[in-house]
Each structure stands twice: as structure tokens, then as C-alpha cells.
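# Tertiary structure, described
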Amino acid sequence: MTAPAPPIVLAHAAYRLGDAYAARGAPEPFVEVRSLEALEAAVAEAEVLVVSGLWRHSLLERAPRLRFIQSVSAGTDQFPKEALRERGIRLASAQGGNERAVAEHALALMLGLTRRLPEALRHQAAATWRPMIADPARRERELGGRTLLVIGLGRIGTRIARLAQAFDMRVIGLRRRPLQAGDPVEAVLSPDRLHEALAQADVVALACPLTPETEGLIDEAALAAMKPEALLINVARGRVVDQDALARALTEGRIAGAGLDCFHEEPLPRGRRSGACRT
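## Remarks on the environment of R85
Here R85 is to be found in helix α3 (residues 81–87). In this structure R85 comes out as exposed when scored by relative accessible area, which is 55%. Side-chain polar atoms of R85 contact the side chain of E82, separated by 2.6 Å.

## Brief notes about the pairing of strand β3 (residues 48–51)
For strand β1 (residues 8–11) and β3, the ladder comprises 3 bridges, and the chain directions are parallel. Looking at β3, one finds that I8 is bridged to V48. As defined by bridge partners, β3 adjoins strand β4 (residues 68–71) across 4 bridges and the pair is classed as parallel. What sits directly across from V48, in β4, is F68.

## Examining the sheet that holds strand β2 (residues 30–33)
A sheet is described by the order of its strands in space; here 5 strands give the open sequence β2-β1-β3-β4-β5, paired in parallel fashion. Both outer strands of the open sheet, β2 and β5 (90–92), are each paired with one neighbouring strand and no more. On average, each strand axis in the sheet is tilted by 15° relative to the strand beside it, whichever way the strands run.

## Concerning helix α4 (residues 99–114)
Here α4 spans 23 Å end to end across 16 residues, near enough to the 22 Å set by a 1.5 Å rise per residue. If you check which residues of α4 are buried, you get E99, V102, A103, A106, L107, L109, M110, G112, L113 and T114.

## Examining the confidence of the model for the protein
Residues at a pLDDT of 70 or more form 94% of the protein, whose mean pLDDT is 91. Here residues 274–279 is modelled with pLDDT under 50, and outside its nearest four sequence neighbours on either side it reaches 25 contacts, counting other chains as well.

Calculation rules
- Residues numbered from 1 in each chain as written.
- Predicted model: local features only at pLDDT ≥ 70, side-chain atom pairs only at ≥ 80, totals over all residues.
- Heavy atoms only, no water.
- Helix = DSSP H or I, 4+ residues; strand = E, 2+ residues; numbered from the N terminus.
- Buried < 20%, exposed > 50% of the residue type's maximum accessible area, 1.4 Å probe, protein only.
- Polar contact = N/O pair within 3.5 Å; in protein donor to acceptor, adjacent residues only side chain to side chain.
- Pairing = 2+ DSSP bridges.
- Axes fitted to C-alpha atoms, helices over the stretch in contact; angles between N-to-C directions.
- Expected span 1.5 Å × (residues − 1).
- pLDDT = per-residue confidence, 0-100.
- Contact = heavy atoms within 4.5 Å.

Take a look at the structure:
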């Protein structure tokens, strides 16, 4: 007699989800898979699915018993919410799970650009000692005293703001439902004041969810509202930014640089650079 199939499927290409679940006692049987092919084979008997990057809409047709999906990531824009609702499948995000890591990564991108670390690495690889620079605009900069605009004051955005305070930055925020200003932000503006907020910022950090309202939020007009010396940091979703408009703004020197953790297409097509870039 064969054992019943495990009702929980843990699916991730790299994370050791099974170890984490087992460390908590694993009250229900589970199976762990690391590829789409293995997930397609395992999902038929699943009642609970823990997944993120391996998700495909076609899995719904293979999973008649599915009742609950736990996203491994904070974002849930990859899931067909209406189709899940029709099937009575509940969806939960991992909001806050990567709060520290993503916020610290945003600060790393800021520091990488202001301290011109990509350029320093290129000089090191070429065994070149950079000469002294007379033009202040081309030298390394400090974060202290600069204004940071955080777009999206959820857990990640709020932590970015708090970390920025430690660097003596002035922090303002943009939020769909504005709250009263207070630690760690000096002012909170509504989305209809986006261009006003962008004009104040030396650094703009995107930490908002991808929604119909935020898709393409940083477009040609938004980039035009930014200071020429401003930096853009994106740790939200790639589609929050119009990538072609950003590439033009960087090439033409209309903003000083961008640190990108996410893109429209991931991984990037061969030949396109990722990470931090500047003009």
C-alpha cells in the first residue's frame, strides 16, 4: 500500500525550505522540489504550496486540491489573483521576511554609487591609480546632509529610511495613504505630489509594491523632475521603472546614476549590464 502524497509542496530553486520547515517540527508531511518539472509532478496532490520564482499559471490546472499558496517573496504580483479567488485558493505574502536584507542592499547600492565603487573596481582590475579630480561633480560624494525620497513606506521602505537616518540623511516619503510625518521620515507626501517630491531628492529609493498605479511610475516625466545629480535606487519591482526612459536619462546625463536590483526581464538578456550603473 503506497503512502499518501504529502499535502505540502515546498518549491524553490535554491532555498532550503525543507530544512527550515523540519527545524520547526514539520507537523505535516511535505515534499521539496527545485525545478519546474518536479513541481509539475508534485503539485497534483498538494493542498499547500510554498513557491515564488517557480510559479507558472498553468500549475492551477494540475492542482485540483490546492487551497493555500504561501509566496516565498514579499511580492505577489506573479500570481493570478482573480483565478485564485475563483478557485477558493488563499494567497499569503512573505511581507517582512527580507526586510533587513533588502533595506541593507538599498543602502549598499547608494554607497556604491556615491563612493563610486564600480569605478574603483574597474581601476583596480586595470591596475590603474586614478589621478586627483578637480571637478567636484566627478568626485566621491557623502550621503550625510542629502535628501532621500523613499517611495513606498512599508516595512522595507521604513527600514531604508531608518538606516538612512544613521548616515545623517534627511528623509521624506511617498505613500499611497499618507500618514503623519514622524520618525524616521520628516515628511510624507501623497502620490499626486510625486514630481514635487522627486525635485527635492538627491537619492530616490523605490520600495513600493507593483500595482496598476505603480507600474511605470518612474517614467520620462518623473525622470525629468529629478535633479541632474540625483541617484535612483530600485529594490521594488523592475516594472515600476520605464527602463528605456531610464537608459536615455543616464546616457544623456539627466540623472547621475542608478542602482538596480530588479528588471523587467530576469535574468537580463546577454549583453545588457545589471547592477549599479552611472553615466
